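Commentary on secondary and tertiary structure
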Amino acid sequence: MKLAKILVTSAWPYINVTPHIGNLVGSILSADVVARYYRLKGDDVLLVSGSDEHGTPIEVEAIRLGIPPKDLTDKNHVKVAGLFKKWGISFDNYTRTESPVHKEFVQNHFKKIYENGYIFAQETTMLYCPNCKRFLPDRFIEGKCPYCGHAPARGDQCDSCGRLLEPTLLLEPYCAICKGKPVTKITRHWYFDLSKLSQKLSAYIDSNKQFSSNVKNFSLNLIKEGLKPRAVTRDVSWGIPAPFPGAEDKTIYVWFDAVLGYVSAAIEYFKSHKNHEEWKEYWFNKDAKTFYFIGKDNIPFHTIILPALLLASSEGYNLPWNVSATEFLQFKGEKASKSLRVGIWIDEALELFTADYWRFFLIATRPETKDSNFSWELFIEKINSDLNDTFGNFVHRTLKFVNTQFNDEIPQLEALDDDAKRVLAVLKEKVEAVGKEIEDCKLQSALNTVIGISRVGNQYLNDKEPWNLIKKDKQEAANIVSVAAQLVKALAIISAPFIPSAAEELWKTLNLPGSVHEQRWSEALAPLPTKHKIAKVQPLFQKIEASEQKLDEQLEKVRKN
């Protein structure tokens, strides 16, 4: 049987700063959970992303620091890639937009769509800062959104209403560097004629059964309003040189550059593995599935811009199979801001708790339908109540009983009473439900279902009381513990996408061969063999004893060090 090809991607983080936990949850962490699941299913999975190095956010930050943009991105790429490893993100290829493979692919792709008649040049009026002596594209310019009134809105997009913008549309604009008032100036740019693809894009989005109603409706509404040509070049020096005749002093707009990275990252991975053509199995094989994990502010770039770029090549690329967009994770009702000390950054988080604690919390509270708020109170509740007292407690009490009462050996299961049959039937149902929920990108529900299996196990032990029963009927106690041990084994496998380190530790405690991450999802329902010897169980987790105030103090201490 031919393995399914699953390409899992996440939005490429801007690396002008270290990402915060809100950046991570909807994109990279979600992508990792799904990639780990499909690997357990036995599919051919490729998980790719990379550092978004080009564009005005990097250039603006580099100007403020007084260093070349490449110096900033070289340093930050290494740092961020290392942090993702510490978070347990299982990338097959975490690359960067400065990669030679990426640059070559982007230029060649734009040459193709230029030759296909989708790119045209025209003179346009742009904002210009006479003080800085530069044009002001994208994040070089700020002002008030003309649609919703939000300020500050950037020259490329409003963070509040999600509308794509042009700098000249902003109300009360000002230079993001010197805060001075801009003037208008004529320049020449190259445009991608999105309007030519409106019908194809509308048909694609409307027929996509995987898209959530939010993603679908938002995207279709943008098309109904009328897609306008969008400039693909910028008057900045930092970026990929535009390949069009006469555009020698221009670079490609960062969002057109970055979304093509999903293709170039696959090409680069297989080139490095001496298999130059295999990437096409993920991009042209019509049975392949492609997942994109992003924040809601990135929807139009993945449902309109990327599909349009792929369609314009006329080469038959697979369009996104699913785009999973989360709402925002806020902090006490505010957006994360490093300067205002609002939020928690991914390096700070690991100074306070292990990656699995954070992974568990972020997926358990993943903002799938509305913005969510981080609070230490909720973090403590999720870790203590669900992860430690429910999941950890069930695992520990079950395996401790095997250690102390059955000489570390899984006891023989001689008979199943109605309660045991019901528990095992619920286990089967819930394991299947977790898989379906992950495939539907309902990750919060999937993790809650995993915890639900622990609750079933705890209730089963509480009802049956094997610690009392063993005094008068050891075999019946053995039957109960054997059933509970089956649940523990299942939990080790199905929790692996969410809490990979704890799942691996549990697998080792069960003394089973290989790594839990090398197993198959179906193995979750295979019982442990009778007389199988396990290791001495140790607590998987520790309760958080610190108060909310104490955790705030610890966070401030981390920031000062």
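Before going into details, it helps to say that this report is about the structure given with it.

Parameters at a glance
- Residues numbered from 1 in each chain as written.
- Predicted model: local features only at pLDDT ≥ 70, side-chain atom pairs only at ≥ 80, totals over all residues.
- Heavy atoms only, no water.
- Phe/Tyr/Trp six-rings, centres within 6.5 Å; stacked < 30°, edge-to-face > 60°.
- Buried < 20%, exposed > 50% of the residue type's maximum accessible area, 1.4 Å probe, protein only.
- Helix = DSSP H or I, 4+ residues; strand = E, 2+ residues; numbered from the N terminus.
- Lys NZ or Arg CZ within 6 Å of the ring centre and 35° of its normal.
- Pairing = 2+ DSSP bridges.
- Axes fitted to C-alpha atoms, helices over the stretch in contact; angles between N-to-C directions.
- Disulfide = S-S within 2.5 Å.
- Parallel < 35°, antiparallel > 145°, perpendicular 65-115°, else oblique.
- Contact = heavy atoms within 4.5 Å.
- Polar contact = N/O pair within 3.5 Å; in protein donor to acceptor, adjacent residues only side chain to side chain.
- Nonpolar A, V, L, I, M, F, W, Y, C, P; charged D, E, K, R; others polar.
- Expected span 1.5 Å × (residues − 1).
- Bend = angle between axes of the 7 residues up to and from the residue.
- Core = buried A, V, L, I, M, F, W, Y, C linked by side-chain atoms within 4.5 Å.

**A word on the packing of aromatic side chains**
Scanning the entire structure with this criterion turns up 41 aromatic pairs. Consider the rings of tyrosine 37 and tyrosine 38, whose centres lie 5.1 Å apart with planes at 70°: the pair is edge-to-face. Classification of tyrosine 37 by relative accessible area gives buried; the value is 1%. Judged by its relative accessible area of 3%, tyrosine 38 is buried. Between phenylalanine 84 and tyrosine 94 the ring centres are 5.3 Å apart and the planes differ by 80°, which places this aromatic pair in the edge-to-face class. Residue phenylalanine 84 is found in helix H3 (residues 69-86), and its partner tyrosine 94 is found in strand E3 (residues 93-96); the two are separated by ten residues along the sequence. With respect to class, phenylalanine 84 is no different from tyrosine 94; both count as buried. An aromatic cluster of three or more residues is present, and its members are Phe331, Phe353, Tyr357, Trp358, Phe361, Phe374, Trp376, Phe379, Phe391 and Phe541. Against the face of tyrosine 147 rests arginine 163, its NZ or CZ located 4.2 Å from the ring centre. Taking NZ or CZ as reference, arginine 234 lies 3.9 Å from the ring centre of tyrosine 253, over its face.

**Focus on the sheet that holds E3**
The sheet built from five strands is open, its strands ordered E3-E2-E1-E13-E14 with parallel pairing. Looking at the sheet topology across the chains shown, the edges are occupied by E3 and strand E14 (322-326). The average undirected angle you get between the axes of adjacent strands in this sheet is 20°. Looking at chain direction, strand E2 (residues 44-51) and E3 are connected through four bridges and run parallel. What sits directly across from serine 49, in E3, is tyrosine 94.

**Overview of the state of the cysteines**
Enumeration over the complete set of coordinates arrives at zero disulfides. Cysteine 132 takes part in no disulfide bond, and the closest cysteine sulfur, belonging to cysteine 129, lies 3.8 Å away.

**Observations concerning the packing of helix H1 (residues 21-41) against helix H12 (residues 355-364)**
Close contact between H1 and H12 brings their axes to 10 Å; oriented N to C, the two are set at 95°. When the axis of H1 is compared with that of H12, the two are roughly perpendicular. Of H12, the residues touching H1 (which contributes Ile21, Val25, Leu29, Ser30, Asp32, Val33 and Arg36) are Trp358, Arg359, Leu362 and Ile363.

**Some points on the side chain of glutamine 157**
By the element assignment, glutamine 157 lies in the loop between strand E7 (153-154) and strand E8 (171-175). Accessibility expressed as a relative area gives 2% for glutamine 157, which makes it buried. Engagement of the side chain of glutamine 157 in a polar contact is seen with the backbone oxygen of aspartate 297, the distance being 2.6 Å.

**Examining the packing of helix H4 (residues 100-115) against helix H10 (residues 299-312)**
For the pair H4 and H10, interaxial distance at closest approach is 9 Å and the crossing angle is 70°. When the axis of H4 is compared with that of H10, the two are roughly perpendicular. Here His109, Phe110 and Ile113 of H4 lie close against H10, whose contacting residues are Leu309, Leu310 and Ala312. For the contact of H4 with H10, a count of residues per class yields five nonpolar, one polar and no charged.

**Points about the sheet that holds strand E4 (residues 119-129)**
Within a beta sheet, neighbouring strands are joined by backbone hydrogen bonds and run either parallel or antiparallel to one another. Strand order in the open sheet formed by four strands is E5-E4-E9-E10, with antiparallel pairing between adjacent strands. Two strands lie at the open edges of the sheet, namely strand E5 (134-135) and strand E10 (230-231), each paired on one side alone. As defined by bridge partners, E4 adjoins strand E9 (residues 183-192) across ten bridges and the pair is classed as antiparallel. When the sheet's bridge partners are listed, leucine 127 is paired in E9 with threonine 184.

**Observations concerning H1**
For H1, with 21 residues, the first-to-last C-alpha span of 28 Å sits near the 30 Å given by 1.5 Å per residue. Along its length, H1 reaches its greatest deviation from straightness, about 35°, at leucine 29. Most of H1 sits out of view: 18 of its 21 residues are buried. Once H1 finishes, glycine 42 follows within two positions and takes phi at roughly 95°, a positive value.

**Side note on the nonpolar core**
In terms of nonpolar packing, the biggest core is built from 113 residues, with Val8, Ile21, Trp358, Phe374 and Phe379 touching the most fellow members. Take this core: its biggest share by element is 14 residues, from helix H17 (residues 474-494). When neighbours within four sequence positions are excluded, valine 8 is seen to be in contact with Ala31, Val34, Ala35, Val45, Leu46, Leu47, Val48, Phe291 and Phe293.

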